[in-house]
Amino acid sequence: MKSLIPTDIPLSLYIHMPWCVRKCPYCDFNSHAVPDGKLSLDLEQEYLQALLEDFKTQTQFAQARKIHSVFIGGGTPSLISAQGYQWLFTQLQALIAFEDGCEITLEANPGTVEHDPFADYLAAGINRLSIGVQSFNTAHLQKLGRIHSNDDAISAIALAREAGFQRINVDLMHGLPEQTIEQALQDLKLAVEHGATHISWYQLTIEPNTVFFRTQPILPVDDVLEEIQAQGEAYLTAQGFVNYEVSAWRKELPSAHNLNYWQFGDYLAIGAGAHGKVTLPDGVYRFQKTRLPKDYLAKVPAEHLQFKAISAEELPFEFMMNALRLNDGVDAKLYAARTGLNLADMQDILGTLRQRQLLQNDPNRLACTEQGHVFLNSVLEAFL
């Protein structure tokens, strides 16, 4: 493995806010219901201070880089006040500067009780919203355990636009319990018609440690799921959206933060259960934080960090698992630049995948064919 040059690799920041109003039955994220549906000011301030102290332990990983993008996920990050975020951004930038035009995304739910006015978040420095709509069908929302309605979802997008947000992602799921093809397409149409500039559209999967795993809902059969996928893709394409990643569709710029993940960039991570990845001259490392909020708040900053090197044997799979999600893949030179490994050592594997027409036959790019994207899991298994 050759020595890596961290300064050539973009550095992002992930911030995890672990609370939500109510835990959804399909959710396996690190989220925890907050009493009475609202954070107390004392708890908000305590957590923001803990985030700052956590960040201080990671400044050494910046290595002369500025923050390229910020993503605030959860949980429901919009439970934190706009004023709280403004304070946090000021403190963080005093330690590591943000790039000019740094993309700062906030995940928000449509319910108005769960957030400050969107204009306040924009004024605090957040310039991209990701609204967790999931469906515009009130009956489906109830089955998913969501606390907003169809009207709330439509209103949230309108309010975000009125507040001045130019970049609005809408999260939508398909393959919902007892969902028809027509209902799935209607969700997409409403997102497009009401002004989404980016849509994250993905199939509901039943994950362990969720209510849905213990009490399985009735999901559409495979033939219906395939038709939803085919008709949804055709509709979004006709509306001018570009499918640049497995579940990501854009009419505007791609998500800079997610693109950095998929191109195997670096990202610091603060907050309960947050995961990060950093490149040092001697290799690539992952780390994660204490999961439960009460434990995270109780530990001193140095105890948050659980640090592990990604071995040379693991790196090919780790890189490809991200890069091959992109429809256009990545420049082949990125492999050596981000892993320190020689791509020539994988020529036998790459050759076999190209012969099977699963990888594009272009030595200068690492990208799946259309068939390769259909069988992406099989493609990735070749790098294990």
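Conventions we followed
Residues numbered from 1 in each chain as written. Predicted model: local features only at pLDDT ≥ 70, side-chain atom pairs only at ≥ 80, totals over all residues. Heavy atoms only, no water. Buried < 20%, exposed > 50% of the residue type's maximum accessible area, 1.4 Å probe, protein only. Helix = DSSP H or I, 4+ residues; strand = E, 2+ residues; numbered from the N terminus. Pairing = 2+ DSSP bridges. Right-handed = clockwise from strand over helix to strand, strands pointing away. Salt bridge = Lys/Arg side-chain N within 4 Å of Asp/Glu carboxyl O. Axes fitted to C-alpha atoms, helices over the stretch in contact; angles between N-to-C directions. Parallel < 35°, antiparallel > 145°, perpendicular 65-115°, else oblique. Left-handed = near helix turned anticlockwise from the far one by under 90°. Contact = heavy atoms within 4.5 Å. Nonpolar A, V, L, I, M, F, W, Y, C, P; charged D, E, K, R; others polar. Patch = residues over 30% accessible without salt bridge, like charges linked within 9 Å, V, L, I, M, F, W, Y side chains within 5 Å. Areas by Shrake-Rupley, 256 points an atom, 1.4 Å probe, with all protein chains shown as cover. Lys, Arg positive; Asp, Glu negative; His and termini not counted. Charge placed at Lys NZ, Arg CZ, Asp CG, Glu CD. Core = buried A, V, L, I, M, F, W, Y, C linked by side-chain atoms within 4.5 Å.

Draft legend 1. Main features of the pairing of strand β7 (residues 168–174). Here β7 lies mainly inside the structure; 7 of its 7 residues are buried. Here β7 shows a buried face lined by I168, V170, L172 and H174 and a second buried face lined by N169, D171 and M173. The pairing of β7 with strand β8 (residues 198–203) spans 6 bridges and is classified as parallel. Opposite D171, over in β8, you have S200 as the bridge partner. Regarding topology, helix α6 (residues 181–193) serves as the crossover connection from β7 to the parallel β8, and that connection is right-handed.

Draft legend 2. Region of interest: the pattern of salt bridges. In this structure the tally under the stated criterion is 11 salt bridges. Note that D266 and R65 form a salt bridge whose closest N and O atoms lie 2.9 Å from each other. You can see D266 sitting in strand β11 (residues 266–270) and its partner R65 sitting in the loop between α1 (41–56) and β4 (67–74), a full 201 residues away along the chain. Ionic pairing is found between R325 and E245, a salt bridge with its closest N-O pair at 2.6 Å. Of this pair, R325 sits in the loop between α11 (315–323) and β15 (330–331) while E245 sits in strand β9 (residues 242–245), and the two are 80 residues apart along the sequence.

Draft legend 3. Summary view of the packing of α6 against helix α8 (residues 222–238). Between α6 and α8, whose axes approach to 9 Å, the crossing angle comes to 25°. The pairing of α6 with α8 is recorded here as roughly parallel in orientation. Viewed along their axes, α6 and α8 form a crossing whose handedness is right-handed. On α8, the residues that touch I181, A184, L185, L188, K189 and V192 of α6 are V224, E227, I228, Q231, G232, Y235 and L236. Its residues placed into classes, the contact of α6 with α8 shows 9 nonpolar, 2 polar and 2 charged.

Draft legend 4. Representation of a negative patch on the surface in the model. Negative charge collects at one region of the surface, where D222, D223, E226 and E227 lie side by side. Note that D222 resides in helix α8.

Draft legend 5. Inspection of the environment of A234 at higher detail. You can see A234 is positioned in helix α8. Residue classification places A234 among the partly exposed residues on the basis of a relative accessible area of 46%. Once the C-alpha coordinates of A234 and N209 are considered, the two residues, 25 residues apart in sequence, prove to be 34 Å apart.

Draft legend 6. Representation of the pairing of strand β12 (residues 275–280). Burial of β12 is extensive: 5 of the 6 residues sit out of reach of the surface. Relative to strand β13 (residues 283–288), β12 runs antiparallel, the two being bridged by 6 bridges. Paired with H275 across the bridge in β13 is Q288. Taking the residues between adjacent antiparallel strands as the criterion, β12 and β13 are bridged by 2 residues.

Draft legend 7. Highlighting the packing of α1 against helix α2 (residues 82–95). With their axes 10 Å apart at the nearest point, α1 and α2 run at an angle of 15° to one another. In this view, α1 runs roughly parallel relative to α2, as classed from their interaxial angle. Here α1 and α2 pass one another in a crossing that is right-handed. The residues of α2 that touch α1, namely those facing E44, L48, Q49, L51, L52, F55 and K56, are G84, W87, L88, Q91, L92 and L95. By residue class, the composition of the contact of α1 with α2 is 8 nonpolar, 3 polar and 2 charged.

Draft legend 8. Layout of the nonpolar core. Counting residues in each nonpolar core, the largest one holds 73 residues, and the members touching the most others are I15, I72 and I199. The dominant element in this core, judged by the number of residues it contributes, is α6, at 7 residues. Among the nonpolar cores identified, the runner-up in size contains 30 residues, and L326, L353, L366 and C368 belong to it.

Draft legend 9. Representation of α11 within the structure. Most of α11 is tucked away: 7 of the 9 residues are buried. Among the residues making up α11, those that are buried are L315, P316, E318, F319, M320, N322 and A323. Looking at the buried side of α11, the elements it contacts are α9 (256–262), β13, β15, α12 (333–339), β16 (365–366) and α15 (376–381).

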